[in-house]
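# Notes for the structure review
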Amino acid sequence: MPMNATLVRFRFGDDFDEKRVRALAESSRATFEDMPGLRSKAYAIDAVNREAVNFFLWSNEEAARSFFSPQVLGRFGELYGVAPTLEFAEVIQLVENRR
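I will try to describe carefully the structure that is included in this document. Small disclaimer: the values here were computed from a predicted structure and weren't measured.

The subject of this paragraph is the packing of aromatic side chains. One pass over the full model with this rule turns up 14 aromatic pairs. Through a chain of ring-to-ring contacts, three or more aromatic side chains come together here, namely Phe10, Phe32, Phe56, Trp58, Phe67, Phe68, Phe76, Tyr80 and Phe88. Note that lysine 41 overlies the ring of phenylalanine 32, its terminal NZ or CZ placed 3.9 Å from the centroid. Over the face of the ring belonging to phenylalanine 88 we find arginine 65, whose NZ or CZ atom lies 4.1 Å from the ring centre.

Written out as structure tokens, the structure is:
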């Protein structure tokens, strides 16, 4: 089954606020639960490089690319206070370790 990944990075300057990024992740989680085409989403923080990183795993490329409209990217920029950068990739193999 083809899958696609999107890596969304928010690079902050000296205004990096880890608590704020964690709160954004918590408050937006419900928005992505049961979203059509989205298999999973991971929120991450790279405090050393002052980045918030969101990793999306989509069921197909169309779902991945259609979600990131200019409006969505603008909203992300408003929420985080910095414009995101996007990287798209085809997932060629997935290992899921479930208990």
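What follows deals with the pairing of strand E1 (residues 3-11). Counting buried positions over the 9 residues of E1 gives 7, a clear majority of the element. By the bridge criterion, 7 bridges tie E1 to strand E4 (residues 85-91) in an arrangement that is antiparallel. Following the sheet pairing, leucine 7 is matched in E4 by glutamate 87.

So, about the environment of tyrosine 80. The residue tyrosine 80 is located in helix H3 (residues 70-80) in this model. In this structure tyrosine 80 comes out as buried when scored by relative accessible area, which is 7%. For the pair tyrosine 80 and phenylalanine 10, spaced 70 residues apart in the sequence, the C-alpha separation amounts to 7.4 Å. With residues near it in sequence (within four places) discarded, tyrosine 80 still touches Phe10, Phe12, Arg20, Val21, Leu24, Tyr43, Ala52 and Asn54.

Turning next to the side chain of asparagine 4. The topology assignment puts asparagine 4 in strand E1. At a separation of 2.9 Å, a polar atom in the side chain of asparagine 4 contacts the main-chain amide nitrogen of glutamate 61. If we ignore the near neighbours within four places in the chain, the residues touching asparagine 4 are Phe56, Leu57, Trp58, Asn60, Glu61, Ala64, Ala89, Glu90 and Val91.

What counts and how
Residues numbered from 1 in each chain as written. Predicted model: local features only at pLDDT ≥ 70, side-chain atom pairs only at ≥ 80, totals over all residues. Heavy atoms only, no water. Phe/Tyr/Trp six-rings, centres within 6.5 Å; stacked < 30°, edge-to-face > 60°. Lys NZ or Arg CZ within 6 Å of the ring centre and 35° of its normal. Buried < 20%, exposed > 50% of the residue type's maximum accessible area, 1.4 Å probe, protein only. Helix = DSSP H or I, 4+ residues; strand = E, 2+ residues; numbered from the N terminus. Pairing = 2+ DSSP bridges. Contact = heavy atoms within 4.5 Å. Polar contact = N/O pair within 3.5 Å; in protein donor to acceptor, adjacent residues only side chain to side chain.

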